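# Descriptive structure summary
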Amino acid sequence: LDPYLIDALYGQQRNGKTGRHGKEGGLKELLAEPEFVKLVKKHDLALFNGPLVGDIREDGAKIWLRTAGPSKVQVEVVGGKSYSTSTSEKNDFTSTVRLEALKPFTEYRYTITVNGQTIEKPSFQFRTAPARKQKVRFNVNFGSGSRYQPKNEYAWSTMAQQKPLAYLGLGDNVYIDVVDHRGAQRLFYYRRYLSPAYSELCASTAIYGIWDDHDMAMNDSAGGLGMKFSWKRPNWKVFTENWNNPHYGGGEKMPGTWHSFSLGDVDFFMTDGRFYRDKEAKTMLGPDQKEWLLKQLTTAKGKFKVIASGTMFADGADKDGKDSWAGTWARDERDEIFDLITKEKINGVLLISGDRHRSDIWKIQRPGYPLYEFVSAKVTNAHTHRTYDNAVWSYNKGNFWGQLSFDLTQDDPVVTFKCVDIGGKTVKPFPLKLSELSH
């Protein structure tokens with residue numbers, strides 16, 4: 001399907017040509033083409049994209065999918081309830097169902113039925129989130145730098161076989177690199193979800209995502225305060241159609257990709273550093289998102305709190321802060337967040353980030369306890385960025401992702417950062433006890 005999709009929705013856009021369906025093309029337009037319909041039937045793609053597990057909770061989860069045309073869909077938990085939904089062109093033939101009344105930290109299998117045809121695969125299984133104070137162990141993977149590279153797509157299958165509880169896409173999840181072209185954006189999402197290896201991961205692992213520059217617009221893009229760019233809201237809508245997050249910023253009134261969720265005694269805060277980034281106003285997050293984050297941190301109940309960012313936090317990490325939190329325009333806002341952690345004596349905070357195509361460990365000295373930042377941004381990308389001697393550890397060989405391994409069974413809980421390579425080997429383990437992250 002790939003050459004056909006490129007020709008129909010993208011074409012040679014960078015050379016002044018667009019796909020034959022223009023910048024707003026999508027699945028609706030493709031379904032009007034007999035040749036495309038033949039391809040869908042040939043490859044048995046009534047379930048065109050997905051399923052995608054997301055927003056797992058101790059008592060439920062959400063399942064996202066996209067069908068090849070308007071369809072009646074059922075999602076059935078094996079041995080449990082069946083949930084019905086339908087798809088239409090309104091949301092590019094996507095729909096999400098919430099599974100309810102499930103048990104904490106329990107594995108469930110499910111099936112998908114599209115217009116009466118039931119689909120069952122070994123990957124159609126997931127685990128619910130632990131309950132608060134439940135003494136468990138689990139892994140959460142994260143990464144960025146996920147350009148579609150056929151030779152490296154098996155990374156997702158390797159990851160799926162490790163059975164992480166969740167995967168966090170920290171931006172640059174797809175490389176679109178056009179500002180005002182929804183057809184191109186949709187193409188890249190279709191292609192990503194049609195990858196068998198990625199589909200295997202999404203069907204069995206809770207997926208959470210934020211965007212960075214290459215997903216939202218172009219390299220080093222900043223959306224600015226307000227909605228002065230006409231492409232911002234339409235691009236955001238495409239994002240919401242292709243993910244399965246708990247929420248998307250503040251919704252229609254304050255769109256964005258930021259969101260939060262908890263997995264047992266670990267709280268996660270996924271920030272959007274692109275949509276309202278404004279260097280003149282010296283903000284990475286914009287006032288509404290910053291207020292949200294500060295409040296969330298103050299009221300967080302988890303033993304560990306993970307702040308995720310598409311771009312890096314540490315000084316000296318790269319590009320002299322040109323495109324990161326270390327820039328002179330962003331430091332005050334970054335330090336306001338850090339100072340709140342110190343002032344309110346918020347324990348157990350970790351930082352994770354992406355963007356630069358390598359894996360790092362950074363130690364940011366702070367009153368009370370140091371903040372550790374773990375960087376991983378080369379899941380499938382071929383391009384590599386250089387390592388840095390001023391980091392605790394810096395690595396850029398091959399492809400890899402980050403993993404946070406939580407052991408909540410200990411009296412002094414432990415989180416271990418691991419850099420895991422494309423073959424599943426741990427390149428670098430780095431354990432931290434909760435007592436080392438406490439005032």
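First, a word on scope: everything that follows refers to the structure included in this document. (Residues numbered from 1 in each chain as written. Predicted model: local features only at pLDDT ≥ 70, side-chain atom pairs only at ≥ 80, totals over all residues. Heavy atoms only, no water.)

What follows covers empty space enclosed by the protein. Applying the stated rule across the entire model yields four cavities of 30 Å³ or more. The space that makes up the largest cavity amounts to roughly 60 Å³. In terms of lining residues, the largest cavity is bounded by Thr 311, Met 312, Asp 318, Lys 319, Lys 322, Asp 323, Ser 324, Asp 355 and Arg 356. (1 Å grid on protein atoms, 1.4 Å probe; cavity = no way out; pocket = protein on both sides within 12 Å on 5 of 7 lines; lining within 4 Å. Points joined across faces, edges and corners; volume = space filled by probe spheres on them.)

Let's shift gears to the packing of helix H5 (residues 182–194) against helix H6 (residues 196–204). The axes of two packed helices give the description: the angle between them and the distance between them. Running from N to C, H5 and H6 cross one another at 80°; their axes reach a closest spacing of 5 Å. Between H5 and H6, the crossing angle belongs to the class labelled roughly perpendicular. Counted together, Arg 192, Tyr 193 and Leu 194 of H5 and Pro 196, Tyr 198, Ser 199 and Cys 202 of H6 form the full contact between these two elements. Here the residues of the contact of H5 with H6 are counted per class, giving five nonpolar, one polar and one charged. (Axes fitted to C-alpha atoms, helices over the stretch in contact; angles between N-to-C directions. Helix = DSSP H or I, 4+ residues; strand = E, 2+ residues; numbered from the N terminus. Parallel < 35°, antiparallel > 145°, perpendicular 65-115°, else oblique. Contact = heavy atoms within 4.5 Å. Nonpolar A, V, L, I, M, F, W, Y, C, P; charged D, E, K, R; others polar.)

Let us now look at the packing of H5 against helix H8 (residues 232–241). Contact pair H5 / H8: the axes reach a minimum separation of 10 Å and the direction vectors enclose 20°. In this view, H5 runs roughly parallel relative to H8, as classed from their interaxial angle. As H5 packs across H8, the resulting crossing turns out to be right-handed. Only Pro 234, Asn 235, Val 238, Phe 239 and Glu 241 of H8 make contact with H5, whose side of the interface consists of Arg 182, Gln 185, Arg 186 and Tyr 189. By residue class, the composition of the contact of H5 with H8 is four nonpolar, two polar and three charged. (Left-handed = near helix turned anticlockwise from the far one by under 90°.)

Scanning the model with the defined rule gives 32 aromatic pairs in all. Summarising the aromatic geometry, the rings of Trp 64 and Tyr 193 are spaced 4.9 Å apart at their centres and angled 35° between planes, so their arrangement reads as tilted. Here Trp 64, found in strand E2 (residues 60–67), pairs with Tyr 193, found in helix H5; they are 129 residues apart in sequence, far enough to count as distant. Under the relative-accessibility criterion, Tyr 193 is labelled buried at 4%. Their ring planes at 55° and their centres at 5.7 Å tell us that Tyr 395 and Phe 400 sit as a pair that is tilted. With respect to class, Tyr 395 is no different from Phe 400; both count as buried. One aromatic cluster in this structure is built from Trp 211, Phe 239, Trp 243, Tyr 248, Trp 258, Phe 275, Tyr 276 and Trp 292. (Phe/Tyr/Trp six-rings, centres within 6.5 Å; stacked < 30°, edge-to-face > 60°. Buried < 20%, exposed > 50% of the residue type's maximum accessible area, 1.4 Å probe, protein only.)

Further remarks concern the pairing of strand E10 (residues 166–170). Of all five residues that make up E10, five are buried, and the element is covered over most of its length. With burial as the criterion, each face of E10 is covered, one bearing Ala 166, Leu 168 and Leu 170 and the other bearing Tyr 167 and Gly 169. Across four bridges, the pairing between strand E9 (residues 137–143) and E10 is parallel. The partner of Gly 143 across the bridge, within E10, is Gly 169. Regarding topology, helix H4 (residues 154–161) serves as the crossover connection from E9 to the parallel E10, and that connection is right-handed. With five bridges joining them, E10 and strand E11 (residues 206–210) adopt parallel strand pairing. Bridge assignment links Ala 166 to a residue of E11, and that residue is Ala 206. (Pairing = 2+ DSSP bridges. Right-handed = clockwise from strand over helix to strand, strands pointing away.)

Further remarks concern unusual backbone geometry. In this structure, Pro 51 follows Gly 50 across a cis peptide bond, with omega equal to 5°. Tracing the backbone shows Pro 51 in strand E1 (residues 47–57). Positioned with a positive phi, Lys 282 is a non-glycine residue whose angle comes to about 55°.

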